[in-house]
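Coordinates in review
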Amino acid sequence: MTTVDLSTNIAGVALKSYLMNASGPKCTTWEELEVVAQSASSAIMTKSCTMEYREGNPEPRYSDLPLGSIQSMGLPNLGYKAYLEMVPRLKALGKPVIVSISGFSIKENIEMVSAFQKSDVDLIEVNFSCPNIPGKAQVAYDFEQVESALAALTVLGDKPIGIKLAPYFDMSHFIAMATILNKFPVKFITCVNSIGNTLIIDPETESPIIKPKGGFGGLCGDYIKPVGLANVRAFRELLDDDVQIIGVGGIKNGVDAFEYLLAGADAVQIATCFEKEGEGCFKRIEDELTAFMVKKGYTQLSDAKNKLKPL
Ligand SMILES: Cc1cc2nc3c(=O)[nH]c(=O)nc-3n(C[C@H](O)[C@H](O)[C@H](O)COP(=O)(O)O)c2cc1C
């Protein structure tokens, strides 16, 4: 049988396959992370952590939608020290460990990045794009703050740092952000986070379908795939070659994952589909991607990576 080599690497960290879980669904507790480790996800990615334990926003705060999901979780997590303590046990599960951190200020991010720099985690993803904290703007939309934060966060140690970006919708914003990223030793970007502050209304109850922030929440899943693809594509064209890109947004089958490969992704993450289907999604999507690439006659990711054909 023909096989396809789906192995990749991010910042020199070898990944057995192109697919991993995204920060968010089912990766908050030890038990959940153990399930991720046992699945076909090529890394163990944690829920974004904050300085202290957080309950998150009031329920209902997540809802399945026909083509994805809307959520306003508000970063429920165990607090960064719990994940720091878990690192040795997570590493013992045999896969690269990526921690996501989401401080509410540069100072908090410095403290958390410094702590994980001294740990055995493989990669650090700093979330600049949570849209669901009442009263807090998304750092990713404040270019001056991104620049100051990167100046402070990229000098704290040798462990590779990546940034989770919000989706952008204007060429001037892609250019502004890429210009900043190219100034610092950021090793990877992950794009996109959910499209923030969308509203889904239930016409029967005449109410929003989630409670926090008057119903405003992050839109995820199929709805946002074209946005995710465009962000990966734009950044691939604008960023220096040594900045890698993890694509995320609306991946639920092998062909979606392949489209991100054409756009230029070095790896991809899966959130809503994992939430809806459970950990079996990683193996299913891996098999589908393999089958699609076999059909195309491709044997490795580089055969299609960043090879979107102009019309
Ligand atoms: C329930 C849920 C919780 C999420 N929590 C986080 C988070 O803590 N940190 C983060 O960077 N992204 C978070 N996200 C965003 C996802 O990582 C991802 O960027 C987004 O959902 C798009 O991917 P998808 O279309 O596969 O869902 C969350 C998404 C969902 C559905």
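Our subject is the structure that appears above.
I will try to describe carefully the structure that is included in this document. As the structure is a prediction and not an experimental result, all values here were calculated from the model.

Some remarks on helix α3 (residues 106–117)
When the terminal C-alpha atoms of α3 are compared, their 16 Å separation across 12 residues agrees well with the 16 Å that a helix rising 1.5 Å per residue should span. Looking at α3, one finds that the buried residues are N109, M112, V113, S114, A115, F116 and Q117. Considering only its buried residues, α3 is in contact with α2 (80–91), β7 (97–101), β8 (123–127), α4 (143–153) and β9 (161–164).

Looking at the packing of aromatic side chains
One pass over the structure, following the stated rule, counts 9 aromatic pairs. Ring plane angle 75 degrees and centroid distance 6.0 Å describe the contact between Y168 and F235, whose orientation is recorded as edge-to-face. Of this pair, Y168 sits in the loop between β9 and α5 (171–181) while F235 sits in helix α6 (residues 225–238), placing them 67 residues apart in sequence. For Y168, a relative accessible area of 3% puts it in the buried group. When its relative accessible area of 0% is taken as the criterion, F235 is described as buried. When the centroid spacing of 5.0 Å and the interplanar angle of 65 degrees are considered together, the rings of F258 and F292 count as edge-to-face. With F258 in helix α7 (residues 254–263) and F292 in helix α9 (residues 280–296), this residue pair connects regions lying 34 residues apart in the sequence. Through a chain of ring-to-ring contacts, the aromatic side chains of Y141, F143, Y168, F174 and F235 assemble into a single cluster. Just above the ring of W30 sits the side chain of R89; from NZ or CZ to the centre is 4.2 Å.

Rules used in this analysis
- Residues numbered from 1 in each chain as written.
- Predicted model: local features only at pLDDT ≥ 70, side-chain atom pairs only at ≥ 80, totals over all residues.
- Heavy atoms only, no water.
- Helix = DSSP H or I, 4+ residues; strand = E, 2+ residues; numbered from the N terminus.
- Expected span 1.5 Å × (residues − 1).
- Buried < 20%, exposed > 50% of the residue type's maximum accessible area, 1.4 Å probe, protein only.
- Contact = heavy atoms within 4.5 Å.
- Phe/Tyr/Trp six-rings, centres within 6.5 Å; stacked < 30°, edge-to-face > 60°.
- Lys NZ or Arg CZ within 6 Å of the ring centre and 35° of its normal.

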